[in-house]
Every structure is written in structure tokens, then in C-alpha cells.
Amino acid sequence: MSEVKLAAEPRTEFGKGAARRIRRENKVPAVVYGHGADPVHIALPGHELQLALRTPNVLLTLDIEGKTELAIPKAVQRDAIRGSIEHVDLLTVKRGEKVNVEVYVHTEGELAPGAYLLEHVLSTLTVEAEATNIPESVTVSIQGLEAGAAILAKDIPLPKGTTLAIDEDAVVLQVLAAQAEEAPADAEAETTEA
């Protein structure tokens, strides 16, 4: 898990106009909340935040006027066309605290020879992990699986200190047999006449 330190500035202005001014300065408006404390409105450096959010479940160390807060991204709003970050909701965490997060499921290996398809029923897995030790992803082997095989949440190896936060019998991956496309009825009639 990576930890990124960002300098945050407190915000006193709110609304669309204030948010636009912040974005023009290449900063991103954000809100930090959690642990029963009042929400804190801040502005974060845009480029550094964008780089940090490339890592799933990144742990952010926020320096807010000399006070340090640990936080994880809870919601990221992006511009639909440009993809730039419009606003971020951050959840404060403490070292040693357990949090529920979603981690990506990656596969390795090859399916058995034949016309098989791998269906990702769940592309992420909800797990509970220590806030300072959140895995970026989990990897499962699909080597040699054939049609009808399914990988359940309980079958996926998790890093030490991480537990499932969903039903352990939930299907994550399943292997399907590829189905041949049926020929149209006119084509069958033409081949029988010839």
C-alpha cells in the first residue's frame, strides 16, 4: 500500500463559483469527514492528487495547517468529458483501524484448451483490512479451468490481515462454454438443396 503526503489548504468559500475559482488555480475542492468530527472543507493540489489517485485505495497523509490527518478516498467526482477531478470526499482513518474497501480481482494463467469464456461476475472484492495495510488488488489462478467451473470469494487467497466483507459463497469468476452462432434458416435451406 502506498502512502502519499499532500499539503491541504482550508476552504472558507463554498458553492459553484468558489469551486470554479479553486479549480482555475489547479486545485481540487475536497471534504474530509469521519470519526464523528465536523467535516473539514479543504483544497488539494490537483496534479499531485491525480497522481495519488492512480493507486487504488491510496492512503493520504494530509497536512492541514500543520495538523496531520490520515485519509482514504471515499468518492471521486470527475468531469464527464475531460476526466479531470472535480471533487473528492475523504474518510479519516487511524493507524490500526479496520476499514472496508474494494480491491480489484486479477487473474493469472490460461483456461483449459477449448472454446471457453471467463466471466467476471465481480470485478472487485469487498474486504476488511487495516487502514495502513490495504492491498491494491488480489490475484487468483484460472489455470486449466473448464466450462462450469466457478471461483467463489472464499477461494481467493487474501493477504495476511485481510478478511472478506462479503458473502464467502459469492461467485467472483465463472467459466462458460462459448456458444456457436446458429446459421439463419435460409442458409440451411440453401445448403441442403445444393
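Residues numbered from 1 in each chain as written. Predicted model: local features only at pLDDT ≥ 70, side-chain atom pairs only at ≥ 80, totals over all residues. Heavy atoms only, no water.

S.K.: Just checking my understanding: could you explain the overall build of the protein chain for this structure?
M.R.: A count of helices and strands for the protein chain gives three helices and 13 strands. For a compact globule of 194 residues, the expected C-alpha radius of gyration is about 16 Å, and the protein chain comes in at 23 Å, more than 25% above that figure. Principal-axis analysis of the C-alpha atoms places the extent of the protein chain at approximately 80 × 40 × 25 Å. Across the protein chain, every contact between residues at least 6 apart in sequence was considered, and the portion connecting residues at least 24 apart equals 63%. With 18 positive and 31 negative side-chain charges, the protein chain shows a separation of 17 Å between the mean positions of the two kinds. (Helix = DSSP H or I, 4+ residues; strand = E, 2+ residues; numbered from the N terminus. Rg over C-alpha atoms; globule rule 2.2 N^0.38 Å. Contact = heavy atoms within 4.5 Å. Lys, Arg positive; Asp, Glu negative; His and termini not counted. Charge placed at Lys NZ, Arg CZ, Asp CG, Glu CD.)

S.K.: Sorry, what's going on with the pairing of strand β4 (residues 59-64) here?
M.R.: Working note: regular strand, side chains alternate between the two faces of the sheet. Burial analysis of β4 places five of its six residues in the buried class, which makes it a mostly covered element. Sheet analysis places strand β1 (residues 3-10) next to β4, joined by six bridges and oriented parallel. Bridging across to β4, K5 finds its partner in T61. Pairing analysis gives five bridges linking β4 to strand β5 (residues 67-78), with the strands arranged antiparallel. Among the inter-strand pairings, L60 is bridged to a residue of β5, identified as A71. What sits between β4 and β5 in their antiparallel hairpin is a turn of two residues, with E65 showing a positive phi close to 50 degrees. (Buried < 20%, exposed > 50% of the residue type's maximum accessible area, 1.4 Å probe, protein only. Pairing = 2+ DSSP bridges.)

S.K.: Please explain unusual backbone geometry as it appears in this structure.
M.R.: Residues other than glycine predominantly adopt negative phi, and peptide bonds predominantly adopt the trans conformation. At H35, a residue that is not glycine, the phi angle is positive and equals roughly 55 degrees. Here H35 is to be found in the loop between β2 (27-34) and β3 (37-45). Backbone geometry places E65, a non-glycine residue, at a positive phi of 50 degrees. Relative to the helices and strands, E65 resides in the loop between β4 and β5. For E65, a relative accessible area of 68% translates into the label exposed.

S.K.: Whenever I open this one, helix α1 (residues 16-24) confuses me. Can you help?
M.R.: Each α-helix winds once per 3.6 residues, and so residues spaced three or four apart point in a common direction. Burial in α1 covers these residues: A18, A19 and I22. The buried residues of α1 occupy an angular sector of 100 degrees when the element is viewed end-on, so they sit on one face. Across from the buried face of α1, at angles greater than 90 degrees, the exposed residues are K16 and R24. Turning to α1, the residues buried within the fold contact β2 and β3. (Arc of directions from axis to C-beta.)

S.K.: How should the sheet that holds strand β13 (residues 171-177) be read in this particular structure?
M.R.: As a general point, the strands of a sheet are linked pairwise by backbone hydrogen bonds and lie either parallel or antiparallel. Within the open sheet, the three strands sit side by side as β8-β13-β11. Their pairing is antiparallel. Two strands lie at the open edges of the sheet, namely β8 (116-120) and β11 (150-152), each paired on one side alone. Adjacent strand axes in the sheet meet at a mean angle of 10 degrees, parallel and antiparallel pairs treated alike. The sheet contact formed by β8 and β13 spans five bridges and is antiparallel. Its bridge partner being in β13, L117 is matched across the sheet by L176. (Axes fitted to C-alpha atoms, helices over the stretch in contact; angles between N-to-C directions.)

S.K.: Explain the pattern of salt bridges here, please?
M.R.: Pairs may arise between side chains of opposite charge once their charged atoms sit close together. Evaluation of the coordinates by the stated rule reveals seven salt bridges. As a salt-bridge pair, E9 and K27 come within 2.7 Å of each other at their nearest N and O atoms. Taken together, the positions of E9 in strand β1 and K27 in strand β2 put the pair 18 residues apart, joining distant regions of the chain. A residue is classified by how much of its surface remains accessible, and E9, at 39% relative accessible area, is partly exposed. With a shortest N-O distance of 3.5 Å, R23 and E86 are connected by a salt bridge. In this pair, R23 sits in helix α1 while E86 sits in strand β6 (residues 85-93), placing the two residues 63 residues apart along the sequence. Via salt bridges that share partners, E9, E25 and K27 belong to a single interconnected network. (Salt bridge = Lys/Arg side-chain N within 4 Å of Asp/Glu carboxyl O.)

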